[in-house]
Each structure stands twice: as C-alpha cells, then as structure tokens.
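Summary of structural features
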Amino acid sequence: MGPTMTGIGPAFDGRHFRDVLGNLPTAVVAVTTAGPDDGPAGMVVGTFTSVSLDPPLVSFLADRSSQTLPRIRAAGRYCANVLAADQEAVCRRMAVRDPGKFDTVPWTPSPLGNPVLEGIVAWVDCMIEKVVELGDHYLVVGRVHDLRVESPKTPLLFFRGGYGDYFSATSLVLDRLVGW
Ligand SMILES: Cc1cc2nc3c(=O)[nH]c(=O)nc-3n(C[C@H](O)[C@H](O)[C@H](O)COP(=O)(O)O)c2cc1C
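Residues numbered from 1 in each chain as written. Predicted model: local features only at pLDDT ≥ 70, side-chain atom pairs only at ≥ 80, totals over all residues. Heavy atoms only, no water.

Observations regarding the overall build of the chain
The helix and strand inventory of the chain stands at 4 helices and 12 strands. Relative to the globule expectation of 16 Å for 180 residues, the C-alpha radius of gyration of the chain, 17 Å, shows essentially globular dimensions. In the chain, which comprises 180 residues, the proportion classed as buried is 34%. Considering only residue pairs separated by 6 or more positions, the chain has 63% of its internal contacts joining residues 24 or more positions apart. Entry remark: accessible area of the chain is about 10900 Å², with carbon and sulfur atoms responsible for 57%. Between the mean site of the 16 positive side-chain charges and the mean site of the 19 negative ones, the chain shows a separation of 3 Å. (Helix = DSSP H or I, 4+ residues; strand = E, 2+ residues; numbered from the N terminus. Rg over C-alpha atoms; globule rule 2.2 N^0.38 Å. Buried < 20%, exposed > 50% of the residue type's maximum accessible area, 1.4 Å probe, protein only. Contact = heavy atoms within 4.5 Å. Areas by Shrake-Rupley, 256 points an atom, 1.4 Å probe, with all protein chains shown as cover. Lys, Arg positive; Asp, Glu negative; His and termini not counted. Charge placed at Lys NZ, Arg CZ, Asp CG, Glu CD.)

Here is the structure:
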C-alpha cells in the first residue's frame, strides 16, 4: 500500500524522493518566452514531454517559485528548446534565477516570437492551452504551433544528478531524423 492510500503521509523524505526519481534520465529543455514590452525570459526544465497528437499538445512542469512562469503566462506562449549534449554551459546559464541569464546566450525569434537558442537540437513553439496547479508545481500545457529539428546532434541528458550524452543504441534503429 502506497503512502497516499494509508492517509498517514509519506514514508520518505524529499531527499529520498529526488534520489529515486533521479534514476529516471530526462532530456534538458530550455523553455523560453518574450513579451511585447520586455526582453527574453527562460528556464531549464527536465519535465518537458509530448502529451497529445490530435490536437498536438506538449507540457512541462514549473515550480510555483519560478520567476519565468509568470512571464510565460503573461505572454501566453513558449518555445521548448531541446539542448544538445555540448550545451551543458548553456544549461547551467539558464538554470539560475538571474534576469541577465540571456546576456550571453545567442538566440533568434521563433515563428511565435519566442527565443530559439543557438546550437540546440530541436524546438517546439506553442500557445498556452491550459495551466493546472499540481502540488507545488504548475503543469503548463501548450498547443503546438510549429516545431523543427535544427541539428543532428544528440540531446543533453540529466541522470543521477549529472549531465551526459548517454544514449547508445542496443537494437537496430531506423534513420528517422526528420527535417535535417
Ligand atoms: C536538469 C534540470 C532540470 C530542471 N527541471 C525543472 C523543472 O522541470 N521545473 C522547474 O520548475 N525547475 C526545474 N529546474 C530548476 C530551474 O531551472 C531553476 O529553478 C531556475 O532557476 C528557474 O529559473 P526562474 O526562477 O528564472 O524561472 C531544473 C534544473 C535543472 C538543472
């Protein structure tokens, strides 16, 4: 029986929760936005995922303390930038709470006007469809407007607290890289 079924609270602390779930490798994505009257904003997330094909929906989870989330909600749109394995420095730059985090990161506007960072693997440009409060996070669902592969580079992965380029094929993989 799991902790929520007993009604007596979890049988673990936050450190254990993070340590166990850190065994799940995640892609590293910079979600970005830019309002009409202010500059670019963005943050790193490990929670970006596809949700639905018809209609085309994606999502990520933002901590309720995120300073980027209000900017994304105000703009009503965001772009998910899939960082490449050689972009750990960009990731560290974007994973801080600093209004100047874009100063050294070159970008161009997406079709919706969101920042597309230089050197990424792929981007997904969306309008916000729905924001759902879940515990201490918000699930931010986006309706995909456009998306593209920018480079054949492999993505940056986060696993057990470290960064890497861990993917190695263990079975035959068809060459399905589109748009490149
Ligand atoms: C690999 C990695 C994954 C992360 N995933 C998330 C995430 O899914 N959601 C989130 O809110 N923060 C996540 N963070 C933390 C944010 O990037 C960090 O708190 C950042 O400072 C938020 O910036 P902001 O306050 O300007 O929005 C992640 C950080 C790293 C390094």
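Here the narrative resumes.
A word on the site of the ligand
Surveying the vicinity of the ligand reveals 17 residues, the closest of which are T47, D63, S66, T68 and R97. Residue K101 places a side-chain N or O atom 3.0 Å away from an oxygen atom belonging to the ligand. In the complex, 81% of the free accessible area of the ligand, which totals 640 Å², lies under the protein chains. When contributions to the shell around the ligand are tallied by element, the ones reaching two or more residues are β3 (40–45) and β5 (57–63). Of the residues that constitute the shell around the ligand, the class distribution is 9 nonpolar, 5 polar and 3 charged. (Near = heavy atom within 4 Å. Polar contact = N/O pair within 3.5 Å; in protein donor to acceptor, adjacent residues only side chain to side chain. Nonpolar A, V, L, I, M, F, W, Y, C, P; charged D, E, K, R; others polar.)

Observations concerning the nonpolar core
Membership of the largest hydrophobic core comes to 20 residues, with the highest contact counts inside it found for V29, V31, V45, V58, F60, Y78 and V124. Put simply, the parts of the chain that give this core at least two residues each are β2 (29–34), β3, β5, α3 (68–75), β6 (77–82), β9 (122–134) and β10 (137–149). Each residue touching V31, except ones within four places of it in the same chain, is listed here: A41, G42, M43, V45, F60, I72, Y78, C79 and A80. Ranked by size, the runner-up nonpolar core spans 14 residues in total, among them C79, L83, V90 and L156. (Core = buried A, V, L, I, M, F, W, Y, C linked by side-chain atoms within 4.5 Å.)

Description of the state of the cysteines
Under the defined criterion, the tally for this structure stands at 0 disulfides. There is no disulfide at C79, and the cysteine sulfur nearest it, in C126, is 7.1 Å away. Given a relative accessible area of 0%, C79 falls into the buried group. (Disulfide = S-S within 2.5 Å.)

Re unusual backbone geometry
A cis geometry characterises the amide bond from D54 onward to P55, with omega recorded as 5 degrees. Tracing the sequence through the fold places P55 in the loop between β4 (49–52) and β5. Phi at R160 is positive, roughly 50 degrees, even though this residue is not glycine. By relative accessible area, R160 is classed as exposed at 60%.

Some points on the sheet that holds strand β12 (residues 162–164)
Spatially, β1-β11-β12 is the arrangement adopted by the 3 strands of the open sheet, whose pairing is antiparallel. A strand with exactly one partner marks an edge of an open sheet, and here the two such strands are β1 (26–27) and β12. The pairing of β1 with strand β11 (residues 157–159) spans 2 bridges and is classified as antiparallel. For A27, the partnering residue across the bridge sits in β11 and is L157. (Pairing = 2+ DSSP bridges.)

Examining α3
For α3, every residue scored as buried is listed here: T68, L69 and I72. For α3, the angular spread of buried residues about the axis comes to 100 degrees, placing them on one side. Tucked into the core, α3 has its buried residues touching β2, β3, β5, β6, β9 and β10. Once α3 ends, the next one or two residues include G76, with phi positive near 80 degrees. (Arc of directions from axis to C-beta.)

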